Amino acid sequence: MPAKAVDPAEMRAAVQAVLPWLRGEADQPERSALAAAVRLSLRTLEQIAPGRSVEVRVPPFAAVQCVEGPRHTRGTPPNVVETDARTWLELATGALAWTDALDGARVTASGTRADLSPLLPVVKF
């Protein structure tokens, strides 16, 4: 689990601030707003599914380890999910289905535990 629990209201506010962009109603938000939404939603995922068997990466903003299972200690983890900020936030809010993200090559997922679909969305609007 993360060192400090995520305040659900803070996470919700951070994600809500970027919703107009996700919906195509506004330009891309400032980097700090985008970073806050990504980091807080990823840390929420980490709290929802504690563990260290899957690494979820959203460069350049954050990476978290989550999901129970065998712990990875060195090198590249056997279960990795990687995507961009927009795709992650669409997944995190339920605007994009996990299977659609995979089918559209908007997310890469390797390993037997890398299916995040049961954990998504992490926030609903």
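Rules used throughout
- Residues numbered from 1 in each chain as written.
- Predicted model: local features only at pLDDT ≥ 70, side-chain atom pairs only at ≥ 80, totals over all residues.
- Heavy atoms only, no water.
- Axes fitted to C-alpha atoms, helices over the stretch in contact; angles between N-to-C directions.
- Helix = DSSP H or I, 4+ residues; strand = E, 2+ residues; numbered from the N terminus.
- Parallel < 35°, antiparallel > 145°, perpendicular 65-115°, else oblique.
- Left-handed = near helix turned anticlockwise from the far one by under 90°.
- Contact = heavy atoms within 4.5 Å.
- Nonpolar A, V, L, I, M, F, W, Y, C, P; charged D, E, K, R; others polar.
- Core = buried A, V, L, I, M, F, W, Y, C linked by side-chain atoms within 4.5 Å.
- Buried < 20%, exposed > 50% of the residue type's maximum accessible area, 1.4 Å probe, protein only.
- Salt bridge = Lys/Arg side-chain N within 4 Å of Asp/Glu carboxyl O.

The chain is annotated in an unreviewed UniProt entry as Sterol carrier family protein from Lentzea kristufekii.

**Details of the packing of helix α1 (residues 8-22) against helix α2 (residues 31-48)**
Packing of α1 against α2 leaves a shortest axis separation of 8 Å and a crossing angle of 130°. Viewed along their axes, α1 and α2 adopt a mutual orientation that is oblique. Seen along the crossing, α1 lies across α2 with a hand that is left-handed. Between α1, through E10, M11, A14, V15, V18 and W21, and α2, the contact on the second element is made entirely by A33, L34, A36, A37, L40, S41 and T44. Residue composition of the contact of α1 with α2, by class: 10 nonpolar, 2 polar and 1 charged.

**Considerations on the nonpolar core**
Counting residues in hydrophobic clusters, the biggest one holds 39 residues, and the most contacted among them are V38, L45, V56, V81, W88, L89 and L116. For this core, the elements supplying multiple residues, two or more each, are α1, α2, β1 (54-58), β2 (62-66), α3 (85-93) and α4 (98-103). With residues up to four places along the chain from it excluded, the contact list for W88 reads V38, S41, L42, L45, V58, T83, L116 and L120.

**A closer look at the pattern of salt bridges**
Under the criterion given, the structure shown has 4 salt bridges. Taking the shortest distance from any N to any O, the salt bridge between R57 and E82 comes out at 3.8 Å. Taken together, the residues R57 in strand β1 and E82 in strand β3 (residues 80-83) connect sequence positions 25 residues apart. R57 gets classed as partly exposed once you look at its relative accessible area, which sits at 24%. The partly exposed category is assigned to E82, whose relative accessible area is 30%. We note a salt bridge from E90 to R86, for which the minimum N-O separation is 3.2 Å. Of the two residues, E90 and R86 are both situated in helix α3; the distance of 4 residues between them amounts to about one turn of the helix. With relative accessibility at 9%, the residue E90 sits in the buried group. Residue class for R86 comes out partly exposed when judged on its relative accessible area of 24%. Salt bridges sharing common partners tie together E55, R57 and E82.

**A few points about the environment of S53**
Summarising the element assignment, S53 is placed in the loop between α2 and β1. Given the relative accessible area of 1%, S53 is considered buried. Sequence spacing of S53 and C66 is 13 residues, and the spatial spacing of their C-alpha atoms is 6.2 Å.

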